[in-house]
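Residues per chain are reported as follows:
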Amino acid sequence: MSKRDDSTAGSNSMWGGRFAEGPAAIMREINASIPFDKALWRQDVAASKAHVAMLAAQGIVSAEDAALIAGGLDQIAAEYEQHGVPEDWDLEDIHMTTESRLAELIGAAAGRLHTARSRNDQVATDFKLWVREAMAAADAGLHALQVALVTRAAEHAASIMPGFTHLQTAQPVTLGHHLLAYYEMLDRDRSRIADAHARAGQSPLGAAALAGTGFPIDRQATAAALGFAEPTRNSLDSVSDRDFALDYLMAAAQAALHLSRLAEELIIWASQPFGFVTLPDSLSTGSSIMPQKKNPDAAELVRGHSGRIAGCLTSLMMTMKGLPLAYSKDMQDDKPPVFEAASLLTLSLAAMTGMVAGAAFRTERMRAAAEQGYATATDLADWLVREAGIPFREAHHITGAAVKMAESKGLALDQLDLTDLQAIDPRIDARVFAALSVEASVAARASYGGTAPDQVRAQLAAARLALGLE
């Protein structure tokens, strides 16, 4: 029978004798999750092996049956690894698929594997294991991007570029300082993932369907065997909880937003009007009609993926809202958005790491842009406060008049004559010109966390230490 056969399937033996007739074709198709939950096969085998080892240790199944089951599970894992997981929709999911194959391999002893557990705690355990691995993979990807950012920031600790607010030239900064801003964003992302991983440290296995089990199981043993810190404390919550998946998606969505911001800047910087960066050929594409084009498609796709990842978060939030305790079939839809988000985040991190590592920054264009837009106006105001003792609000007004004069003459602030500046306010003297270059502006921002090259290098040293590069 094909998986889309419209005929009525025979009674599913896993359901037992409750149903006289098998599911109709529509029910069969809407109910089957094997097309996507087959991704959990490694976790399913690992959890089953931990469970049966515990059953044997507790004397709930014989050592002989446990050995048969463990050997059969190892064979199934080898088959899945080599040939993939078969999709028999009558078996619904990865759990029944594996148990059915185990019965084919070892006979009646396979039926003892499901003692003292339910598909409810089984799927919660498998899925939590998978999500914990996805968290670790995301952390590794974020770490790699941080290393790329720190490496490039070290090259450009003193390279001057315009800093922007409202995408308008604001004050000069260094490229190293700008790149380290994204290092900090990713550091918060890694912190969120670490917190989520810690919260996902309890094993649901042994909660059974919703109420626990009457068998004398050892939940601490299975938790330890699977790498959890401890078992969950409430069986109802254990099988109905998907906070760990939501935590992952929330962290993934936030990380994707940060990647999208960096992607947007690279897209802008790579445009001809800016010309701040040339992106790697390997992560760019051409046009089918315009031969001169070099499109930042990888950056645009990273930016686009952020919307899809945020959509995955919204999808699971809407699935989980208002569900009564304990398990409901709605929760079968928990896995596709998580799987999709994990795949997109992994790809986005790899693409962004490649773009940062391979970007050619055009620092001469950046410095020239920093000299435009009167980026050192704040330095004039600060000089008036610091050297002439003028209140800042008054200094702000004087500086505005100086900018207006410079605009009318088509000059930069440091190109105005001293007599022009003194006509605006006689308290200005020749010392002011030492403060009006972009180099002086950047060097003056030496407060902790500022853009002065010495501060950038200090932050780089701290970042390298935190990343394990020292």
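Preceding block: the structure.
Heads up: these notes are all about the structure in this document. (Residues numbered from 1 in each chain as written. Predicted model: local features only at pLDDT ≥ 70, side-chain atom pairs only at ≥ 80, totals over all residues. Heavy atoms only, no water.)

Taken together, the side chains of Leu 210, Leu 236 and Leu 325 present a nonpolar region at the surface, about 270 Å² in accessible area. Positionally, Leu 210 belongs in the loop between β3 (202-203) and α8 (219-225). On the basis of relative accessible area, Leu 210 is assigned to the partly exposed category, the value being 39%. (Patch = residues over 30% accessible without salt bridge, like charges linked within 9 Å, V, L, I, M, F, W, Y side chains within 5 Å. Areas by Shrake-Rupley, 256 points an atom, 1.4 Å probe, with all protein chains shown as cover. Salt bridge = Lys/Arg side-chain N within 4 Å of Asp/Glu carboxyl O. Helix = DSSP H or I, 4+ residues; strand = E, 2+ residues; numbered from the N terminus. Buried < 20%, exposed > 50% of the residue type's maximum accessible area, 1.4 Å probe, protein only.)

Looking now at the side chain of Arg 117. One can find Arg 117 in the loop between α5 (94-106) and α6 (119-155). Glu 99 is the oppositely charged side chain nearest to the buried, salt-bridge-free Arg 117, at an N-O distance of 4.9 Å. Within the structure, Arg 117 has its side chain in polar contact with the side chain of Ser 48 (distance 3.1 Å). Among the polar contacts listed, one links the side chain of Arg 117 to the side chain of His 114, at a separation of 3.1 Å. When residues no more than four places from it in sequence are discounted, the contact partners of Arg 117 are Ser 48, His 51, Gln 122 and Ala 208. (Lys, Arg positive; Asp, Glu negative; His and termini not counted. Polar contact = N/O pair within 3.5 Å; in protein donor to acceptor, adjacent residues only side chain to side chain. Contact = heavy atoms within 4.5 Å.)

It is worth spelling out the pattern of salt bridges at this point. Side chains carrying opposite charge are able to pair once their charged atoms draw close together. Under the criterion given, the structure shown has 30 salt bridges. The partner of Arg 303 in a salt bridge is Glu 264, with the nearest N and O atoms 2.4 Å apart. With Arg 303 in helix α11 (residues 297-320) and Glu 264 in helix α10 (residues 243-270), this residue pair connects regions lying 39 residues apart in the sequence. A relative accessible area of 32% places Arg 303 in the partly exposed class.

Geometrically, the link from Leu 325 to Ala 326 is a cis peptide bond, its omega value of 10° lying close to zero. Phi at Glu 92 is positive, roughly 70°, even though this residue is not glycine. Among the structural elements, Glu 92 can be located in the loop between α4 (63-83) and α5. Of note, Ala 208 is a non-glycine position whose phi angle comes to about 60°, a positive value. Looking at where Ala 208 falls in the secondary structure, it is placed in the loop between β3 and α8.

For the rest of this paragraph, the subject is the packing of aromatic side chains. For the coordinates displayed, the defined rule picks out 7 aromatic pairs. Between Trp 41 and Tyr 80, the ring centres sit 5.6 Å apart and the planes meet at 80°, which makes this aromatic pair edge-to-face. Pair noted here: Trp 41 is in helix α3 (residues 41-57) and Tyr 80 is in helix α4, with a separation of 39 residues, a long-range link. Each member of the pair, Trp 41 as well as Tyr 80, is classed as buried. With centroids separated by 6.2 Å and ring planes inclined at 55°, the aromatic side chains of Trp 269 and Phe 276 adopt a geometry described as tilted. In this pair, the class of Trp 269 matches that of Phe 276, namely buried. These aromatic residues form a ring-pair network of at least three members: Phe 127, Trp 130, Phe 244 and Phe 339. Sitting above the plane of the Phe 127 ring, Lys 335 keeps its charged end 5.4 Å from the centroid. (Phe/Tyr/Trp six-rings, centres within 6.5 Å; stacked < 30°, edge-to-face > 60°. Lys NZ or Arg CZ within 6 Å of the ring centre and 35° of its normal.)

This part is about the environment of Gln 146. Mapped onto the fold, Gln 146 is located in helix α6. Overall, the relative accessible area of 0% leaves Gln 146 in the buried class. Once the C-alpha coordinates of Gln 146 and Asp 187 are considered, the two residues, 41 residues apart in sequence, prove to be 8.0 Å apart.

Let us now look at the side chain of Asp 121. With respect to the element layout, Asp 121 can be found in helix α6. Although buried, Asp 121 forms no salt bridge, and the nearest oppositely charged side chain, Arg 117, lies 6.1 Å from it. Engagement of the side chain of Asp 121 in a polar contact is seen with the backbone nitrogen of Gly 206, the distance being 2.8 Å. Within the local environment of Asp 121, its side chain forms a polar contact with the backbone nitrogen of Ala 207, the two atoms lying 3.5 Å apart. Leave out the neighbours within four places in its chain, and Asp 121 touches Pro 204, Leu 205, Gly 206, Ala 207, Ala 208 and Val 239.

It is worth spelling out the pairing of strand β2 (residues 168-174) at this point. Where strand β1 (residues 160-165) meets β2, 6 bridges bridge the pair, whose relative direction is antiparallel. Across the sheet, the residue bridging to Thr 165 is Gln 168, located in β2. Taken together, β1 and the strand that follows it, β2, pair antiparallel across an intervening segment of 2 residues, in which His 166 is found at a positive phi of about 60°. (Pairing = 2+ DSSP bridges.)

Once that is clear, we can look at the layout of surface pockets. Considering only enclosed or pocket space, the largest pocket measures out at about 420 Å³ in volume. Every residue lining the largest pocket is counted, 20 residues in all, and those nearest its centre are Gly 163, Phe 164, Thr 165, His 178 and Glu 265. Residues belonging to the lining of the largest pocket are distributed by class as follows: 10 nonpolar, 6 polar and 4 charged. (1 Å grid on protein atoms, 1.4 Å probe; cavity = no way out; pocket = protein on both sides within 12 Å on 5 of 7 lines; lining within 4 Å. Points joined across faces, edges and corners; volume = space filled by probe spheres on them. Nonpolar A, V, L, I, M, F, W, Y, C, P; charged D, E, K, R; others polar.)

All right, on to the packing of helix α7 (residues 175-199) against α10 then. Each pair of packed helices can be described by the angle between their axes along with the distance between the axes. One way to put it is that α7 packs onto α10 with a least axis distance of 8 Å and a crossing angle of 165°. On the basis of their axis angle, the class for α7 and α10 is roughly antiparallel. At the point where α7 passes α10, the crossing takes the left-handed sense. Facing α7, whose interface residues are Leu 175, His 178, Tyr 182, Met 185, Leu 186, Arg 188, Asp 189, Arg 192, Ile 193, Ala 196 and Arg 199, α10 presents Asp 247, Ala 251, Gln 254, Ala 255, His 258, Leu 259, Arg 261, Leu 262, Glu 265 and Trp 269. Of the residues assigned to the contact of α7 with α10, the class counts are 11 nonpolar, 3 polar and 7 charged. (Axes fitted to C-alpha atoms, helices over the stretch in contact; angles between N-to-C directions. Parallel < 35°, antiparallel > 145°, perpendicular 65-115°, else oblique. Left-handed = near helix turned anticlockwise from the far one by under 90°.)

Contact pair α3 / α4: the axes reach a minimum separation of 9 Å and the direction vectors enclose 170°. When the axis of α3 is compared with that of α4, the two are roughly antiparallel. Only Ala 66, Ile 69, Ala 70, Leu 73, Asp 74, Ala 77, Tyr 80 and Glu 81 of α4 make contact with α3, whose side of the interface consists of Trp 41, Arg 42, Val 45, Ser 48, Lys 49, Val 52 and Ala 56. Counted by class, the contact of α3 with α4 contains 10 nonpolar, 1 polar and 4 charged residues.

Before going further, it helps to examine the nonpolar core. Counting 98 residues, the largest nonpolar core has Tyr 248, Trp 269, Val 338, Leu 345 and Met 352 as the members making the most contacts within it. Ranked by residue count, the leading element in this core is α10, at 16 residues. When sequence neighbours within four positions are dropped, the list of residues in contact with Met 352 reads Leu 145, Leu 259, Leu 262, Ala 263, Leu 266 and Val 302. With 19 residues, the next largest nonpolar core counts Ala 377, Ala 395, Ala 402 and Ala 406 among its residues. (Core = buried A, V, L, I, M, F, W, Y, C linked by side-chain atoms within 4.5 Å.)

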